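The lines below spell out each chain.
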Amino acid sequence: MEYKLSPSILASDFTQLGKQIEEVAENGADYLHIDVMDGVFVPSISFGMPLIKSIRKCTDIFFDVHLMIENPERYLDAFAGCGADGITIHMESVADAGTALRRIKSLGLRAGVAISPETPVETLTAVEDIADMVLVMTVKPGFGGQSYIESSTKKIIKARRLCDDSGRRIDIEVDGGITRENIGKVLSAGANVIVMGSSVFGGDVAENTAYFRKVLDEYSQKG
Ligand code: DX5
Ligand code: ZN
């Protein structure tokens with residue numbers, strides 16, 4: 001299994017964004033997690049296409065775009081056009097997740113589906129033949145800096161089982177409240193793409209990224 005580190009720029013210092021992207025990329029990040037919020041699906045508003053288009057110019061790193069927006073189907077082509085490499089939509093935000101995921105794949109991107117804390121893992125059976133990645137939200141979507149919801153661990157275990165049983169390679173991403181203290185727990189539960197906002201961008205960005213890279217490398221060597 002490949003273990004990916006995906007720092008979330010929501011927690012970055014926007015006055016230093018280009019420099020901080022370089023720092024995470026140089027210190028072992030695989031992806032850059034980009035949280036798009038519309039103020040409707042979630043209470044807050046973050047950023048959108050112009051920002052993504054702008055930072056696309058300064059890096060080749062994989063853009064892991066997490067759409068926390070209503071009816072994301074309206075914007076899939078636009079996000080592909082501005083440089084997304086993977087797009088994750090929320091199960092709760094679409095009438096037909098399968099169609100949206102197929103559209104993402106037809107644009108040549110990796111297709112992810114997210115479930116919020118209140119959404120049961122079983123809903124994923126509808127898309128296990130299509131999704132490249134499942135995102136188990138480990139906090140309520142909408143804000144960085146929240147604490148990990150403990151009941152998420154069981155959901156990650158269940159999601160890993162469901163994904164493995166599908167016979168396809170499906171990544172499991174976790175997002176929200178991941179720290180130095182609980183990263184081991186989500187890895188053992190079966191997550192392999194780890195999003196981190198505050199834990200990477202709070203403090204020394206290079207040192208934090210290198211630390212988590214080492215944790216993932218050591219974990220993957222253990223088998
Ligand atoms: C929350 C976002 C997260 C957030 C994670 O809705 O999806 O990606 O940036 O931030 P931390 O790691 O600080 O919880
Ligand atoms: Zn996110």
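Please refer to the structure higher up on the page.
The rules we used
Residues numbered from 1 in each chain as written. Chains lettered and ligands numbered in written order. Predicted model: local features only at pLDDT ≥ 70, side-chain atom pairs only at ≥ 80, totals over all residues. Heavy atoms only, no water. Helix = DSSP H or I, 4+ residues; strand = E, 2+ residues; numbered from the N terminus. Rg over C-alpha atoms; globule rule 2.2 N^0.38 Å. Buried < 20%, exposed > 50% of the residue type's maximum accessible area, 1.4 Å probe, protein only. Areas by Shrake-Rupley, 256 points an atom, 1.4 Å probe, with all protein chains shown as cover. Near = heavy atom within 4 Å. Polar contact = N/O pair within 3.5 Å; in protein donor to acceptor, adjacent residues only side chain to side chain. Donors = N, O, S within 2.8 Å, 3.2 Å for Na, K, Ca; no water. Tetrahedral: all angles 85-135°; square planar, octahedral: opposite > 155°, others 65-115°. Arc of directions from axis to C-beta. Contact = heavy atoms within 4.5 Å.

Undergrad: What is the right way to look at the overall build of the protein chain in this model?
TA: Scanning the protein chain for helices and strands turns up eight helices and eight strands. Taking 2.2 N^0.38 as the reference for a compact globule, 223 residues should give roughly 17 Å; the C-alpha atoms of the protein chain span a radius of gyration of 16 Å, in line with that estimate. Counting only C-alpha atoms, the protein chain reaches 40 × 40 × 30 Å along its principal axes. For the protein chain, with 223 residues in total, the buried portion stands at 54%. Here the protein chain has roughly 9,600 Å² of accessible surface; of this, 51% comes from carbon and sulfur atoms.

Undergrad: What is the right way to read the site of ligand 1 from this model?
TA: Contacts to ligand 1 come from 20 residues, most closely from Asp35, Gly142, Asp175, Gly197 and Ser198. At a separation of 3.3 Å, an oxygen atom of ligand 1 approaches a polar side-chain atom of His66. The separation between an oxygen atom of ligand 1 and a polar main-chain atom of Gly145 is 2.9 Å. In the complex, 98% of the free accessible area of ligand 1, which totals 380 Å², lies under the protein chains. Where the shell around ligand 1 is concerned, the elements lending two or more residues are strand S2 (31-37), strand S3 (62-68) and strand S8 (193-196). Among the elements that make up the shell around ligand 1, the one with the highest residue count is S2 (three residues).

Undergrad: Mind showing me how you'd approach the coordination of the zinc ion (ligand 2) here?
TA: Around a metal, the ideal angle is 109.5 degrees if four donors adopt a tetrahedral arrangement and 90 or 180 degrees if six donors adopt an octahedral arrangement. The protein atoms donating to the zinc ion (ligand 2) are His33 (NE2), Asp35 (OD), His66 (ND1) and Asp175 (OD), with metal-donor distances spanning 2.0 to 2.3 Å. Its six donor atoms give the zinc ion (ligand 2) angles of 68 to 169° at the centre, a pattern that matches the octahedral case. Donor residues binding the zinc ion (ligand 2) come from one chain and are separated in sequence as H-x1-D-x30-H-x108-D. With His33 in strand S2 and His66 in strand S3, the pair connects residues that are 33 residues apart, well separated along the chain. Residue His33 shares its accessibility class with His66, and that shared class is buried.

Undergrad: I would appreciate a short explanation of helix H4 (residues 97-106) in the present structure.
TA: It helps to recall that an α-helix has 3.6 residues per turn; residues three or four apart then point in one direction. The set of residues buried in H4 consists of Ala97, Gly98, Ala100, Leu101 and Ile104. Projected down its long axis, H4 carries its buried residues within an arc of 165°, all on one side. Where H4 is buried, its residues meet helix H3 (76-81), strand S4 (86-90) and strand S5 (110-115). One side-chain oxygen of the residue at the start of H4 lies 3.2 Å from the amide nitrogen of Gly98, identifying that residue as Asp96.

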